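Coordinates in review
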Amino acid sequence: MHRVVHFELNVSDPERSQAFFSDVFGWKVSKWEGGPDYWLATTGAEEDAGIDGAIMRSRDDAPRTVNTVEVASVDETAAKVTAAGGQVAVPKQVIPGVGWVAYCTDPSGLIFGIYQADEQARAG
């Protein structure tokens, strides 16, 4: 079984949203050095139930939450998505030293991420 391992809050003003979620829930939010307009959100202690995520600038100014599911293979899961009537919206891309990610939609258009851990992942 595959679990949700990360969320992304897509917002028009990430600085404002990160301050909001820090104030309301006590999240620790810090700018990620790996890319522009991406803030990592730690939502609690590692031993507590729950997941961490990120706040990012929405590419189209539409607010949304995207949940990412960990999988054994992004390529195999993307093939399953299309076979089941979904689409790959953003093809597989590398997160150097972390793994691989792609974004898909289900048949109704709901967007979600698929993530494959791989500390050896490199652009190339």
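Rules used throughout
- Residues numbered from 1 in each chain as written.
- Predicted model: local features only at pLDDT ≥ 70, side-chain atom pairs only at ≥ 80, totals over all residues.
- Heavy atoms only, no water.
- Helix = DSSP H or I, 4+ residues; strand = E, 2+ residues; numbered from the N terminus.
- Contact = heavy atoms within 4.5 Å.
- Patch = residues over 30% accessible without salt bridge, like charges linked within 9 Å, V, L, I, M, F, W, Y side chains within 5 Å.
- Areas by Shrake-Rupley, 256 points an atom, 1.4 Å probe, with all protein chains shown as cover.
- Salt bridge = Lys/Arg side-chain N within 4 Å of Asp/Glu carboxyl O.
- Lys, Arg positive; Asp, Glu negative; His and termini not counted.
- Charge placed at Lys NZ, Arg CZ, Asp CG, Glu CD.
- Pairing = 2+ DSSP bridges.
- Buried < 20%, exposed > 50% of the residue type's maximum accessible area, 1.4 Å probe, protein only.
- 1 Å grid on protein atoms, 1.4 Å probe; cavity = no way out; pocket = protein on both sides within 12 Å on 5 of 7 lines; lining within 4 Å.
- Points joined across faces, edges and corners; volume = space filled by probe spheres on them.
- Nonpolar A, V, L, I, M, F, W, Y, C, P; charged D, E, K, R; others polar.

Another point: the side chain of Thr68. The topology assignment puts Thr68 in strand E5 (residues 64–70). In contact with Thr68, other than residues within four places in its own chain, are Arg3, Val4, Val5, His6, Tyr103, Gly113, Ile114 and Tyr115.

So, about a negative patch on the surface. Side chains of Glu46, Glu47, Asp48 and Asp52 sit close together on the surface and give a patch of like negative charge. On the secondary structure map, Asp48 appears in the loop between strand E3 (38–42) and strand E4 (53–57).

Right, let's get into the side chain of Ser17. Inspection of the secondary structure assignment puts Ser17 in helix H1 (residues 14–25). Residue contacts for Ser17: discarding those within four places in its chain leaves Val11 and Ile55.

Before going further, it helps to spend a moment on the pairing of strand E2 (residues 28–31). Where E2 lies against E3, 4 bridges are found, and the strand directions are antiparallel. In the strand pairing of E3, Lys31 is matched with Trp39. Counting the residues in the hairpin turn of E2 and E3 gives 6 residues, including Asp37, whose phi is positive at 55 degrees.

Further remarks concern the pattern of salt bridges. A complete count under the given rule lists 4 salt bridges for this structure. Among the ionic pairs, Arg57 bridges to Glu15, the shortest N-O distance being 3.7 Å. Of this pair, Arg57 sits in strand E4 while Glu15 sits in helix H1, placing them 42 residues apart in sequence. By relative accessible area, Glu15 is classed as partly exposed at 39%.

What follows covers the layout of surface pockets. In this approach, a probe sized like a water molecule rolls over the atoms, and the result shows the empty space that is left. Approximately 980 Å³ is the volume found for the largest pocket. Taken together, the elements giving at least two residues each to the lining of the largest pocket come down to strand E1 (4–11), E3, E4, E5, strand E6 (87–95), strand E7 (99–105) and strand E8 (111–117). Taken together, the residues of the lining of the largest pocket sort by class into 18 nonpolar, 8 polar and 8 charged.

By themselves, these are just geometric observations and shouldn't be taken as functional.
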